[in-house]
Amino acid sequence: MNDRLQLILMNLIPKNTISRMVGKFAASGFSRMFIPLYARKFNINLDEAEHPLEEYPSLVQFFVRRLKPHLRPLAEGDDVVVSPVDGKVSQYGLIDGGRVVQAKGVTYTVEELLGGDKERAKRYEGGTFITVYLSPTDYHRIHTPLAGKVTGYTYVPGTLFPVNPFGVRAVAGLFAKNERLITYFDTTAGEVALVKVGATIVGSVKVLYDVKAGTNIRGGRLEKKSVTDGPCYAKGEEVGRFEFGSTIILLFEPGAVELNGDLHPERRVLLGEAIGNVLR
């Protein structure tokens, strides 16, 4: 099926409703019988899982499984930025003219990504971004790239296109259209935005600092919240999780971070791996 036809079909189906329905099923006890099939289909490395396969009570619980301790060494150094997830680099580089690269010849604006927050978007002009795609095979918990304090978050309602290579190619402004939850941290590199993008099939994002925050909420509205007494997280500490389909985008202020020269699209990165250095 070519991209154009697939995109037409994706526009016709009620993606958010279907994702919520699948989410309820995947969280049910009945779904546990599908865990072995899922593990085989996506070639999950079961040796890395915290628990044996049979101990997960639902497909969602298996999907958000933790890793065994010490499997992802954390790159040392307060000025070393680490990958917050396992995944593949989609794009990275400088934020130029308020725009971020989605794919070759396709861009979107930081303002759109941040839910129309024009003033906040200005903070990142001339800064650095990196986008990492998590496939169904990957570990789906999200950690901090640097030590920092949560200063606020924004929930941006939207649709739930797939964030796989097809979605990135075919849907202009994909990451500024999909449901997303943005967390802002105060770090040694200044403010860092950790954008968590939902996708087709469940599309749910959860965070540890606010149990009420999330995505794919029926009738959800744009919500911006400042946090004066937010929690502090150590570098590499878990801050949230994806329940299926996912991409993260990191935004850094200008002159704050230099990304490593060995990064490139399709390069696989692991949680805790060094991806850059703080310049301030």
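Residues numbered from 1 in each chain as written. Predicted model: local features only at pLDDT ≥ 70, side-chain atom pairs only at ≥ 80, totals over all residues. Heavy atoms only, no water.

The name given to the protein in an unreviewed UniProt entry is Phosphatidylserine decarboxylase proenzyme, with Tumebacillus amylolyticus as the source organism. Checking UniProt for the protein, the heading Sequence similarities (unreviewed entry) contains the comment "Belongs to the phosphatidylserine decarboxylase family. PSD-B subfamily. Prokaryotic type I sub-subfamily." Taken verbatim from the UniProt record of the protein, the Catalytic activity (unreviewed entry) comment is "a 1,2-diacyl-sn-glycero-3-phospho-L-serine + H(+) = a 1,2-diacyl-sn-glycero-3-phosphoethanolamine + CO2". (UniProt positions renumbered as here; feature names shortened; annotations may be inferred.)

Undergrad: Where do I start with a nonpolar patch on the surface in this structure?
TA: Together, Phe25, Phe30, Met33, Phe34 and Leu37 line one region of the surface with nonpolar side chains, adding up to about 490 Å² of accessible area. Tracing the backbone through its elements, the reader meets phenylalanine 25 in helix α2 (residues 15-26). (Patch = residues over 30% accessible without salt bridge, like charges linked within 9 Å, V, L, I, M, F, W, Y side chains within 5 Å. Areas by Shrake-Rupley, 256 points an atom, 1.4 Å probe, with all protein chains shown as cover. Salt bridge = Lys/Arg side-chain N within 4 Å of Asp/Glu carboxyl O. Helix = DSSP H or I, 4+ residues; strand = E, 2+ residues; numbered from the N terminus.)

Undergrad: Help me understand the UniProt feature "active site" (unreviewed entry) in the protein in this model?
TA: Cross-referencing UniProt, the feature "active site" (unreviewed entry) maps to Asp86, His143 and Ser246 in the present numbering. For this annotated set, covering 161 residues, all C-alpha atoms fall within 13.9 Å of each other, a compact arrangement in space. Here aspartate 86 lies in the loop between β1 (80-82) and β2 (87-94). You can call aspartate 86 buried: its relative accessible area is 1%. The residue histidine 143 is located in strand β6 (residues 141-143) in this model. (Buried < 20%, exposed > 50% of the residue type's maximum accessible area, 1.4 Å probe, protein only.)

Undergrad: I would appreciate a short explanation of the sheet that holds strand β15 (residues 257-259) in the present structure.
TA: Strand pairing in a sheet relies on backbone hydrogen bonds. The paired strands run either parallel or antiparallel. In space, the 3 strands of this open sheet follow the order β1-β17-β15, with antiparallel pairing throughout. Either end of the sheet is taken by a strand with one partner, and the two such strands are β1 and β15. Sheet twist, expressed as the mean angle between neighbouring strand axes with direction ignored, is 35 degrees. Note that β1 and strand β17 (residues 274-278) share 3 bridges and pair antiparallel. Directly across from valine 81, in β17, lies its bridge partner glycine 276. (Pairing = 2+ DSSP bridges. Axes fitted to C-alpha atoms, helices over the stretch in contact; angles between N-to-C directions.)

Undergrad: Just checking my understanding: could you explain the packing of aromatic side chains for this structure?
TA: Two aromatic rings, taken as a pair, are described by how far apart their centres are and by the angle between their planes. Throughout the structure, instances matching the rule amount to 8 aromatic pairs. The interplanar angle of 85 degrees and the centroid separation of 6.3 Å between the aromatic rings of tyrosine 38 and phenylalanine 62 together place this pair among those described as edge-to-face. Within this pair, whereas tyrosine 38 is found in helix α3 (residues 35-41), its partner phenylalanine 62 is found in helix α4 (residues 59-63), the two being separated by 24 residues in sequence. Judged by its relative accessible area of 9%, tyrosine 38 falls in the buried class. Ring geometry for tyrosine 38 and phenylalanine 63: centres 6.2 Å apart, planes at 75 degrees, overall edge-to-face. Of this pair, tyrosine 38 sits in helix α3 while phenylalanine 63 sits in helix α4; the two residues are 25 residues apart in sequence, bridging distant segments of the chain. Take tyrosine 38 and phenylalanine 63: they sit in the same class, and that class is buried. Through a chain of ring-to-ring contacts, the aromatic side chains of Tyr38, Phe42, Tyr56, Phe62 and Phe63 assemble into a single cluster. (Phe/Tyr/Trp six-rings, centres within 6.5 Å; stacked < 30°, edge-to-face > 60°.)

Undergrad: Would you mind showing me how to read empty space enclosed by the protein here?
TA: To find the voids left in a structure, one rolls a probe of water-molecule size over its atoms. What the rule picks out here adds up to 1 cavity of 30 Å³ or more. In terms of lining, the largest cavity is formed by Ser83, Pro84, Val89, Ile130, Val132, Ile248, Leu250, Val269 and Ile275. Where the lining of the largest cavity is concerned, the elements lending two or more residues are β5 (128-134) and β14 (246-252). Partitioning the lining of the largest cavity into residue classes produces 8 nonpolar, 1 polar and no charged. (1 Å grid on protein atoms, 1.4 Å probe; cavity = no way out; pocket = protein on both sides within 12 Å on 5 of 7 lines; lining within 4 Å. Points joined across faces, edges and corners; volume = space filled by probe spheres on them. Nonpolar A, V, L, I, M, F, W, Y, C, P; charged D, E, K, R; others polar.)

Undergrad: Please clarify how the UniProt feature "modified residue: Pyruvic acid (Ser)" (unreviewed entry) in the protein should be interpreted in this entry.
TA: Feature annotation in UniProt assigns "modified residue: Pyruvic acid (Ser)" (unreviewed entry) to the following positions: Ser246. With respect to the helices and strands, serine 246 occurs in strand β14.

Undergrad: Where do I start with the pattern of salt bridges in this structure?
TA: Overall, the coordinates contain 14 salt bridges when judged by the stated rule. Glutamate 238 is the salt-bridge partner of arginine 141, the closest N and O atoms lying 2.6 Å from each other. Of this pair, arginine 141 sits in strand β6 while glutamate 238 sits in strand β13 (residues 238-243), and the two are 97 residues apart along the sequence. The same class applies to arginine 141 and to glutamate 238, which are both buried. Arginine 241 is paired through a salt bridge with glutamate 243; the nearest N and O atoms lie 3.4 Å apart. The exposure class assigned to arginine 241 is partly exposed, which follows from its relative accessible area of 22%.

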